[in-house]
Amino acid sequence: MYIGGNDKASKATMIKFLLIVNKQGHPRILKYFDSLPNGRDESVRAQETEVIKKCLTVSDKECSFFDYTTFKIVFRTYGNMCFILAVDDDENELAVLEFIHNIVETFDKYFEKVTEHKIMFNLDRVHMILDEMILNGRIIESSKVQILAPVQLLDQVSRR
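What comes next concerns the included structure.

What counts as what
- Residues numbered from 1 in each chain as written.
- Predicted model: local features only at pLDDT ≥ 70, side-chain atom pairs only at ≥ 80, totals over all residues.
- Heavy atoms only, no water.
- Helix = DSSP H or I, 4+ residues; strand = E, 2+ residues; numbered from the N terminus.
- Buried < 20%, exposed > 50% of the residue type's maximum accessible area, 1.4 Å probe, protein only.
- Core = buried A, V, L, I, M, F, W, Y, C linked by side-chain atoms within 4.5 Å.
- Contact = heavy atoms within 4.5 Å.
- Pairing = 2+ DSSP bridges.
- Axes fitted to C-alpha atoms, helices over the stretch in contact; angles between N-to-C directions.
- Salt bridge = Lys/Arg side-chain N within 4 Å of Asp/Glu carboxyl O.

Before going further, it helps to spend a moment on unusual backbone geometry. One non-glycine residue, E112, lies in the positive phi region at around 75 degrees. The topology assignment puts E112 in the loop between α3 (93-111) and α4 (116-121). Given a relative accessible area of 73%, E112 falls into the exposed group. For N136, which is not a glycine, the phi torsion comes out positive at approximately 50 degrees. Looking at the element boundaries, N136 is found in the loop between β6 (134-135) and β7 (138-139). Given the relative accessible area of 59%, N136 is considered exposed.

Further remarks concern the nonpolar core. Within the largest apolar cluster, 32 residues are counted, with the highest numbers of intra-cluster contacts made by I15, F83 and F107. Broken down by secondary-structure element, the contributors of at least two residues to this core are β1 (15-22), β4 (71-78), β5 (81-87), α3, α5 (123-133) and α6 (144-159). Here this core takes nine residues from α3, the largest share from any one element. Other than its neighbours up to four places away in sequence, I15 contacts F33, L85, A86, V87, F99, I134, G137 and I139.

Right, let's talk about the sheet that holds strand β3 (residues 65-68) for a bit. Across the sheet, which stays open at both edges, the five strands sit in the order β2-β1-β5-β4-β3 with antiparallel pairing between neighbours. Edge strands, defined here as strands with exactly one partner in the open sheet, are β2 (27-32) and β3. This sheet shows a mean twist of 15 degrees between the axes of neighbouring strands, independent of strand direction. By the bridge criterion, seven bridges tie β4 to β5 in an arrangement that is antiparallel. Residue pairing in the sheet places I73 in a bridge with A86 of β5. Contacting β1, β3, β4 and β5, α3 runs over the sheet at an angle of about 40 degrees to β4.

Glancing now at the pattern of salt bridges. Counted by the stated rule, this structure contains nine salt bridges. For the salt bridge of R28 with E116, the shortest nitrogen-to-oxygen distance reads 2.7 Å. With R28 in strand β2 and E116 in helix α4, this residue pair connects regions lying 88 residues apart in the sequence. Measuring nitrogen to oxygen at the nearest pair gives 2.8 Å for the salt bridge that ties K31 to D131. On the criterion of sequence distance, the pair formed by K31 in strand β2 and D131 in helix α5 is long-range, its members being 100 residues apart. The structure contains a network of salt bridges with shared partners spanning K16, D34 and D88.

So, in structure tokens, the structure goes:
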């Protein structure tokens, strides 16, 4: 699945960051694809908090994406967790929503049913799955079989 745009956009990072938070706003996964000049300082934390609050206060009848500073925020809530992606302004919001759904389906296939508890106690596997799907802010794989093959292989080796 490719969501990119023109040649200029292909040189830039499409996905700026991915956040997975619970309903109380506690971040469970923070994954940045753009470099942060000062690391994750107070201004970045304030920005995260603002985005998380906005996503968690939106009702089910409202839109699942909005413009934020120089990029778009696209989010979707599944159960007790909210998946938030910040993407370039020229990206297709519906395609990004579909990608979020693909992430959740992939987690569901691996964990049998994705829950906050399973994400918290399997951070290494969660990051490995996300790394199979996204590289440098670009979607590189959407096939659940291809994404999960290396993770399942590692599981087989570790059981021995």
